[in-house]
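# Remarks on the overall topology
For reference, the chains in residue letters:
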Amino acid sequence: MKGGSNLVAKHDEHTVGSTATAGWGAGPDAGTRPRIEIVHASKRFRRPDSDETFTALADVSLSVGQGEFISLIGASGCGKTTLLRMMSGLIPSDGGEIFLNGKPVNGVPPSIGFVFQHPELLPWRTLEQNLHFVLKQQRMPKAAAARAVAEKLALTNLESFAKYYPQMLSGGMQQRAGLARALVGNPDVLFMDEPLSALDAFTRRQLQQDIADIILATGATTVLVTHEVDEAIFFSDRIVVMGTAPGRVREVIEVPLPRPRRHADLLGNPVVAALRDRVLSLVLGVT
Amino acid sequence: MSESSPPLAKTLRRLNMSAAREDAVALTSQGSLVTGPPPVPSSELPRRPGLLRRQGFKRLLPIISVLIFLAVWQIVGSRINPILLATPSAVGQAFVDINREGLLWPAFSRAMEVLVVGLGIAGVAGIAIGVLMGRSDTAYRTLNPYVAFFQATPLIALTPLVVIWFGIGFQSEVAVTVLLAVWSVIINTSEGVRNTPESLLDMARIYQASERSIIRQIALPHAIPYMFAGLRIALAKGMIGVIIAEMDVSLKGLGGLVEDFGNSFQTARLLAAIITSSCVGVIGTIILELVRRRVAPWAGRSQAKTQA
């Protein structure tokens, strides 16, 4: 409901001024080395009860610039989550290499954030303590940690819930807390694995807006896995459409719209409509 | 959270509330059949006058049930040989007598002492071994055969051996209690730790959590409900250990009283001693539940989640 009213307000603003948007977003920085480079990466998995293997990802190459937002989209089984887990170091790649900040990824690299499909907050810790969990691992001094936690809770509009336990909050708030935790260590790169898929449509739109603004404010390079075409268009500088059997990159599509974006601005936008058709037809394989 | 009211009172209140809810359901269906009033939100129902009486009745039902049972027992018991079955009034009298003779309290407190010490040792050792088995696959594969074997063995048969090791007395009884109780703590703790959601462990890996941090902040809290389920089973088994050890080894304490009164055909006193030992178990269970609420307020009531 809140998302709906917000939408109307923003739309009015747009029709009156139309000046809210400026510049062409934070695209890949020319001249500096990309944040993430994937060079001919592949992944094979063993089938459950045999020695046979199957190729989950075949020869993926991709690079993500600093501050860029890219989305991985595709039908289930295209290996988008596998690719995300390889980039974040949770699983090793079988062939090729992945570089983060110029260093090969071998295990989880430092200074990344991850927003999971479900919030994965510790139910026995308050929101505040959940964020402190990250900083404690980095051995950040207490005073600095407290400041960082307060700052990120404020950024995600959760400062008044610092002492709440996660299960006392709504799903949307829990996922915002998940984002706050992902950002509290000031990561260079933020990975998000279908973070909004478990939320209802209104909460999702509202949260998309919030997340887009927050991420832009932090300047983090972001990789999002999603199966929502509109979500990918709303967030991304580029959309990586993946194909199945074997999982691979089919096409990388630029989104020629400035960031930050407003949902209201995208309504009825012909560029968005064309993009949506293009992505959908690629995902569904009807080109 | 209103910390001021004691947890026990809270439980009682919650029980009453759920009873009231059941009542409300029964009443709506009845009421709509007879007079057909519009359906009332169940939250408003408990205020209706007739219901209070029904709710009061339901609350009294356990007491009424026990009173009827005692009455039947009294009538049947007074018609048969008191050696075969003592009446409730005779058992009550026996309580008064053995208390006056100074037998009851020392026996009760001794049993309680053995139970607390034994369960304490079993708890600490069981949780430590359980966490080790839960986190390390090597430890699990190495130790699991023994745990599975001892869990399935009627270890009470080892009592004579324990006496050979520890002699007759307090130590032996504690040892028997530990021997009986520790396995369910180990099994439940390791099961709880092993069941830590993979996604939470992924989260820990993303933020470079140390093994110490993973155990203390994730695996251990996650396993707490399992641990307490294990401890409850351990308590029941430990109680058997206490009584049997006292009966077989020292002839002191509650087990000693049971042995004494049984051998001398004092049925009323025998029953009084047995009821006292039940009280030890019940008090132990209540203490466990209070501790659980203290250390893990986020977890629901501990239930047996894994094998006994």
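Look a little higher up for the structure.
Residues numbered from 1 in each chain as written. Chains lettered and ligands numbered in written order. Predicted model: local features only at pLDDT ≥ 70, side-chain atom pairs only at ≥ 80, totals over all residues. Heavy atoms only, no water.

### Things to note about the pattern of salt bridges
Side chains that differ in sign of charge can pair as their charged atoms come close. All names here are of chain A. With the rule as written, the count across this model stands at 21 salt bridges over all chains. Aspartate 94 is the salt-bridge partner of lysine 43, the closest N and O atoms lying 3.6 Å from each other. Of this pair, lysine 43 sits in strand 1 (residues 36-46) while aspartate 94 sits in the loop between helix 2 (80-87) and strand 4 (95-100), placing them 51 residues apart in sequence. What makes lysine 43 buried here is its relative accessible area of 7%. (Salt bridge = Lys/Arg side-chain N within 4 Å of Asp/Glu carboxyl O. Helix = DSSP H or I, 4+ residues; strand = E, 2+ residues; numbered from the N terminus. Buried < 20%, exposed > 50% of the residue type's maximum accessible area, 1.4 Å probe, protein only.)

### Overview of the sheet that holds strand 10 (residues 248-254) of chain A
Residue and element names in this part refer to chain A. Reading across from one edge, 6-7-8-3-9-10 is the order of the 6 strands in this open sheet, with mixed pairing throughout. Across the chains shown, the open sheet's two edge strands, defined by having one partner strand only, are strand 6 (112-115) and strand 10. Along the sheet, successive strands turn relative to each other by an average axial angle of 20 degrees, direction set aside. The strands that helix 9 (residues 270-284) touches are strand 3 (69-74), strand 9 (238-243) and strand 10; relative to strand 10, the one it contacts most, it runs at about 175 degrees. (Pairing = 2+ DSSP bridges. Axes fitted to C-alpha atoms, helices over the stretch in contact; angles between N-to-C directions. Contact = heavy atoms within 4.5 Å.)

### Describing unusual backbone geometry
Residue and element names in this part refer to chain A. Going from arginine 259 to proline 260, the amide bond is cis rather than trans, its omega being 0 degrees. Structurally, proline 260 is set in the loop between strand 10 and helix 8 (263-266). One non-glycine residue with positive phi stands out, namely aspartate 59, at about 50 degrees. Its location among the elements puts aspartate 59 in strand 2 (residues 53-64). When its relative accessible area of 49% is taken as the criterion, aspartate 59 is described as partly exposed. Although it is not a glycine, arginine 139 sits at a positive phi angle of roughly 55 degrees. Following the sequence through the fold, arginine 139 ends up in the loop between helix 3 (127-137) and helix 4 (142-155).

### A closer look at the packing of aromatic side chains
Evaluated as defined, the whole model comprises 10 aromatic pairs over all chains. Between phenylalanine 69 of chain B and tryptophan 73 of chain B, the aromatic rings sit 6.0 Å apart at their centres with planes inclined by 50 degrees, giving tilted as the arrangement. Of the two residues, phenylalanine 69 of chain B and tryptophan 73 of chain B are both situated in helix 2 (residues 49-77); the distance of 4 residues between them amounts to about one turn of the helix. Taking the relative accessible area as the measure of exposure, phenylalanine 69 of chain B reaches 53% and is therefore exposed. Counting every residue linked through ring pairs, the aromatic cluster contains Phe69, Phe234 and Phe235 of chain A. (Phe/Tyr/Trp six-rings, centres within 6.5 Å; stacked < 30°, edge-to-face > 60°.)

Keep in mind these values describe shape, not function.
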